[in-house]
Amino acid sequence: MRDTLVLNASFEPLSTVTLNRAVVLVLQDKAVVEQAHPELRMRGAAVDIPAPRVIRLCHYVRVPFRRQAPWSRRGVLVRDRHRCAYCGRRATTVDHVVPRSRGGQDTWLNTVASCAEDNHRKANRTPEQAGMPLLRRPFEPTPADAMLLALGAAEFEALPEWLALDAA
Ligand SMILES: [Zn+2]
């Protein structure tokens, strides 16, 4: 997978994102293409643009990734790509690994994206008690996650399937 470098509006490098995400940012008028791959284009039903190698955000974003991105439910869903930590299906809720009723807190390392069904099934138990092992450990958000959050990119899981990479 080729990655695209994302620059802030001030030209500082922020992060890298996948080509598809980069194209979505451009199509949403959130970024402009600074540099494209010379022989590659992204093609879709209504789109035909050079595959971006470097994009630059149209508006400056303050990205709190140096230390700690503030925790949020939306942030957990973005970090986990809207995939349930217990079954891998689409997640719409946030589960506390150690339940709040047992002292678990709203932190990046204690929360995971979860489908409503698994969240309900796990209830007020730890994964061990519930016999529901985590498919992956929760982690602090990456710079790319923090940047997408700062951009207000709630719709990021819905990447268009119709984009194909073609040699020009
Ligand atoms: Zn699930």
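Since the structure is predicted, the reported quantities are computational estimates derived from the model, not experimental observations. (Residues numbered from 1 in each chain as written. Predicted model: local features only at pLDDT ≥ 70, side-chain atom pairs only at ≥ 80, totals over all residues. Heavy atoms only, no water.)

Here we take up the overall build of the chain. Within the chain, the secondary structure is distributed over five helices and seven strands. Taking all 168 residues of the chain together, the buried fraction comes to 45%. Considering only residue pairs separated by 6 or more positions, the chain has 64% of its internal contacts joining residues 24 or more positions apart. (Helix = DSSP H or I, 4+ residues; strand = E, 2+ residues; numbered from the N terminus. Buried < 20%, exposed > 50% of the residue type's maximum accessible area, 1.4 Å probe, protein only. Contact = heavy atoms within 4.5 Å.)

Our focus in this paragraph is the pairing of strand E3 (residues 31-43). Here E3 runs beside strand E4 (residues 48-57); their pairing, made up of eight bridges, is antiparallel. Counterpart to Arg41 in the pairing with E4 is Pro50. The turn joining E3 and E4, which pair antiparallel and follow one another in sequence, is formed by four residues. (Pairing = 2+ DSSP bridges.)

Turning our attention to unusual backbone geometry. Phi is positive for His82, close to 55°, though the residue is something other than glycine. Tracing the backbone shows His82 in the loop between helix H2 (73-79) and strand E5 (93-96). Unusually for a residue other than glycine, Ala123 sits at a positive phi of about 50°. As for its placement among the helices and strands, Ala123 is situated in the loop between helix H3 (116-122) and helix H4 (127-130). The exposure class assigned to Ala123 is partly exposed, which follows from its relative accessible area of 40%.

A separate point is the pattern of salt bridges. All told, the structure shown has eight salt bridges when counted by the stated rule. The partner of Asp48 in a salt bridge is Arg43, and the shortest N-O contact between them spans 3.3 Å. On the basis of relative accessibility, which here comes to 39%, the residue Asp48 falls in the partly exposed class. Between Asp118 and Arg121 there is a salt bridge, and its shortest N-O distance comes to 3.1 Å. In this pair, Asp118 and Arg121 both sit in helix H3, three residues apart, roughly one turn of the helix. One continuous salt-bridge network, built from bridges that share partners, spans Arg41, Arg43 and Asp48. (Salt bridge = Lys/Arg side-chain N within 4 Å of Asp/Glu carboxyl O.)

On to the nonpolar core, then. One broad trend across soluble globular proteins is that nonpolar side chains are buried collectively. Ranked by internal contacts, the top residues of the largest apolar core, which has 20 residues, are Val6, Ala31, Met42, Ile49, Ile55, Leu57 and Met147. Those elements giving two or more residues to this core turn out to be strand E2 (13-18), helix H1 (19-27), E3, E4 and helix H5 (143-150). A total of five residues in this core trace back to one element, the largest contributor, which is H1. Ranked by size, the runner-up nonpolar core spans 18 residues in total, among them Cys84, Val94, Ala130 and Leu134. (Core = buried A, V, L, I, M, F, W, Y, C linked by side-chain atoms within 4.5 Å.)

Attention shifts here to the coordination of the zinc ion. In this structure, Cys84 (SG), Cys87 (SG), Cys115 (SG) and Asp118 (OD) serve as the protein donors to the zinc ion, at separations of 1.9 to 2.3 Å. Here the zinc ion is ringed by four donor atoms whose angles at the metal span 105 to 117°, and the overall shape comes out tetrahedral. Each donor residue of the zinc ion belongs to the same chain, with the gaps between them written as C-x2-C-x27-C-x2-D. Note on Cys115: relative accessible area 6%, which makes it buried. (Donors = N, O, S within 2.8 Å, 3.2 Å for Na, K, Ca; no water. Tetrahedral: all angles 85-135°; square planar, octahedral: opposite > 155°, others 65-115°.)

This part is about the pairing of E4. Among the 10 residues in E4, seven count as buried, and that is most of the element. In the sheet, strand E1 (residues 3-7) pairs with E4 via three bridges, with the strands oriented parallel. Bridge pairing in E4 links Leu7 to Arg56.

Moving on to the confidence of the model for the chain. Residue-level pLDDT values for the chain average 84, and 86% of them are 70 or greater. In the model, residues 154-162 has pLDDT below 50 throughout and makes 20 contacts with residues more than four positions away in sequence or in other chains. (pLDDT = per-residue confidence, 0-100.)

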